[in-house]
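# Observations on the three-dimensional arrangement
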Amino acid sequence: MRFKFDEKLQSIFQEVLHRNPGEIEFHQAVREVLETLGPVLAKYPEFTDKKIIQRICEPERQIIFRVPWRDDNGEIQINRAFRVEFNSALGPYKGGLRFHPSVNLGIVKFLGFEQVFKNALTGLPIGGGKGGSDFDPKGKTDSEIESFCQSMMLELYRHLGEYTDVPAGDIGVGCRELGYLFGQYKRITNRYESGVLTGKGLGWGGSRARKEATGYGVVIFTQEMLRARGDSLEGKKVVVSGSGNVAIYAIEKAHELGANVIACSDSGGFIIDEAGIELPLVQQIKEVERRRISAYVELKKSSRYIEGSSVWSVPCDVALPCATQNELTGRDAKILVENGCLAVAEGANMPTTSEGIQIFQDADICFGPGKAANAGGVATSALEMQQNASRDSWSSEYTQKRLQEIMIDIHTSCYETAGEFGEEGNYVLGANVAGFIRVARAMTAMGVI
Ligand code: NDP
């Protein structure tokens, strides 16, 4: 069940539409949060008086810049890059950089907006921001990636700093890209400022378990949702979308907890392996060779590759969308419900459309929104910042223990907040409200800034 969309909040939403024309993903993300905040404003009228909602929907700073670079043929290429510094009430802006041809201001703003609430949910001192470029790393050589990253940092560096703004990776940005970005930052500033970027390599300031954290965290959150209903992941059939960083480590953790992941995908299609996806093969194909997921069937003859159509047609108990926004539609949600799916947790940001969420909620399926379910990545980034600040390096066991505790706390906080507002089991409401209250309290304390 959903609350009625409060009239005051509806009019603020109309203002957001008017001020940010054409930014459909941003509109969607704002609407999904505002729809759930009516009872919070009723309980805390001071947030209305202080115009917290209007302020929270307006980024503190938006930077758009040109990135010229030379490809391997010596030809000049031009891309556009963005950094949206959304909210710093709880700490320095924190959120990844995405390299994908679809990146535009509306997408970066939706991601930055979500990040504010997600980061608040971790309980760690980090504000929210996001960035990226319409640069497409697919098919580029290492030297082209290096050239692009160096040119991007030549502008970006002046906005960053361990106490100001701390990017990490996202779609298309992994350890290789972060290495080139960090190297250029170090060169320009003449400072070895480890805490300025997270997701770094283990040999140069990175944290153990950061690479695994988002995927592991999604599965820990799923396990907690099932546990709250007296169930567990043991023996469950799982389908994952994507085969990138988040998907790979979600598969690993799901297997570790006794589930069987039978399908995963990329933007070309999906593979089904009823015996269980063999992770070393996926890692070899995606992380080492950077090939398409279809190559899996060459290495595992008993598996199947299906081109184009949606991975959500594969019957499963648990669905983990770990690719990109709006990849799980209302139609997909209906199919999952019809096939008896019990739980969905979002590894990606906003992968389920509003219609899809409604269908899951109506069917009383456990639904973990990305803000809560995929917060393990940014939480471990904050742990990386802690290690950098104290010139320390923690063991994988200790870092994973912290991650596990943080994910369990996030689950508890969402679950209890939903219960407090009379919506037990509604993790969408729980995540939005719990995250919002933390940011709103800090903003209120700091005055009109
Ligand atoms: P990667 O680039 O490592 O992997 C992305 C995966 O999603 C690839 O398999 C890619 O396929 C697929 N994909 C991307 N775009 C599309 C599309 N338009 N249609 C279908 N498939 C697509 O990214 P990550 O794993 O890091 O990120 C995945 C999601 O998780 C994103 O939504 C990101 O914002 C979110 N996230 C990531 C965190 C992190 O720590 N990395 C933290 C929290 C959230 P292909 O290669 O064919 O494009």
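Each chain has its residues counted from 1, following the order in which its sequence is written. In keeping with the predicted nature of the model, local features appear solely for residues at pLDDT of at least 70, side-chain atom pairs appear and are counted solely at 80 or more, and the whole-chain, interface and lining totals rest on all residues. The side-chain numbers reported here are obtained from all heavy atoms of the structure, hydrogens and water having been left aside.

Turning our attention to the site of the ligand. Among the 24 residues in the neighbourhood of the ligand, the closest are listed as Asp170, Thr214, Ser267, Arg292 and Asn349. In protein, a polar contact requires one atom able to donate a hydrogen and another able to accept it; more generally it is a pair of N or O atoms within 3.5 Å, and residues adjacent in sequence count only if both atoms are side-chain atoms. Contact between the ligand and Asp170: an oxygen atom at 2.6 Å from a side-chain N or O atom of the residue. The side chain of Ser267 places a nitrogen or oxygen atom 2.4 Å from an oxygen atom of the ligand. Only the protein chains shown count as covering a residue, and every accessible area follows the Shrake-Rupley method with a 1.4 Å probe. Coverage of the ligand by the protein chains reaches 83% of its 890 Å² of free accessible surface. If you list the elements that add at least two residues to the shell around the ligand, you get α9 (210-227), α10 (245-256) and β7 (260-266). Side-chain classes are defined by residue name, with Ala, Val, Leu, Ile, Met, Phe, Trp, Tyr, Cys and Pro counting as nonpolar, Asp, Glu, Lys and Arg as charged, and the others, Gly among them, as polar. By residue class, the composition of the shell around the ligand is 5 nonpolar, 13 polar and 6 charged. Throughout, near means a residue has at least one heavy atom within 4 Å of the molecule or strand. To qualify as a helix, a DSSP run of H or I must reach at least 4 residues; to qualify as a strand, a run of E must reach at least 2; elements of each kind are numbered from the N terminus.

Now for the UniProt feature "active site" (unreviewed entry) in the protein chain. UniProt positions are given in the numbering used here, feature names are shortened, and annotations may be inferred rather than shown by experiment. UniProt marks Lys130 with the feature "active site" (unreviewed entry), using the numbering shown here. When you line up the elements, Lys130 lands in strand β4 (residues 128-133). Think of it in three bands: residues with accessible area under 20% of the maximum for their type are buried, residues over 50% are exposed, and the middle band is partly exposed, with areas taken using a 1.4 Å probe on protein chains only. Accessibility expressed as a relative area gives 3% for Lys130, which makes it buried. Should any heavy atoms of two residues lie within 4.5 Å, those residues are counted as being in contact. Residues contacting Lys130, with those up to four places away along its chain left out, are Arg83, Val84, Gly95, Gly96, Val108, Leu111, Gly112, Gln115, Asp170 and Asn349.

Bringing the pairing of β7 into the picture now. With respect to burial, β7 is a largely interior element, 6 of its 7 residues being buried. Strand pairing follows a simple DSSP-based rule, namely that at least 2 bridges must link the two strands. Where strand β6 (residues 237-241) lies against β7, 3 bridges are found, and the strand directions are parallel. The residue of β7 that forms the bridge with Val238 is Val261. By the criterion used throughout, a crossover qualifies as right-handed when its path from the first strand across the helix to the second strand runs clockwise, the strands pointing away from the viewer. Read from β6 through α10 to β7, the crossover connection turns out right-handed. Note: β7 against strand β8 (residues 269-272), 4 bridges, orientation antiparallel. Looking at β8, one finds that Ala263 is bridged to Ile272. Taking the residues that link successive antiparallel strands as the turn, the β7-β8 hairpin has 2 residues.

What follows is about the sheet that holds strand β3 (residues 93-99). The strand order β1-β2-β4-β3-β5 describes an open sheet built from 5 strands, whose pairing is mixed. Edge positions in the sheet fall to β1 (61-70) and β5 (165-168), since each has one partner strand and no second. Taking the axes of each pair of neighbouring strands and ignoring which way they run, one obtains an average angle of 20 degrees across the sheet. Relative to strand β2 (residues 76-87), β1 runs antiparallel, the two being bridged by 10 bridges. In the sheet register, Phe65 faces β2, and the bridge partner there is Ala81. Structural elements are reduced to axes, namely lines fitted to C-alpha atoms, with helices fitted over the stretch in contact, and the angle between N-to-C directions of any two is expressed from 0 to 180 degrees.

Backbone-to-backbone hydrogen bonds pair the strands of a sheet. The strands run either parallel or antiparallel. With respect to topology, 7 strands assemble into an open sheet ordered β9-β8-β7-β6-β10-β11-β12, the strand pairing being mixed. Whereas interior strands pair on both sides, the edge strands pair on one side only; in this sheet they are β9 (304-307) and β12 (366-368). Pairs of neighbouring strands in the sheet enclose a mean axial angle of 15 degrees, with direction left out of account. Looking at chain direction, strand β11 (residues 343-345) and β12 are connected through 3 bridges and run parallel. Bridge pairing links Ala343 to Cys366 in β12.

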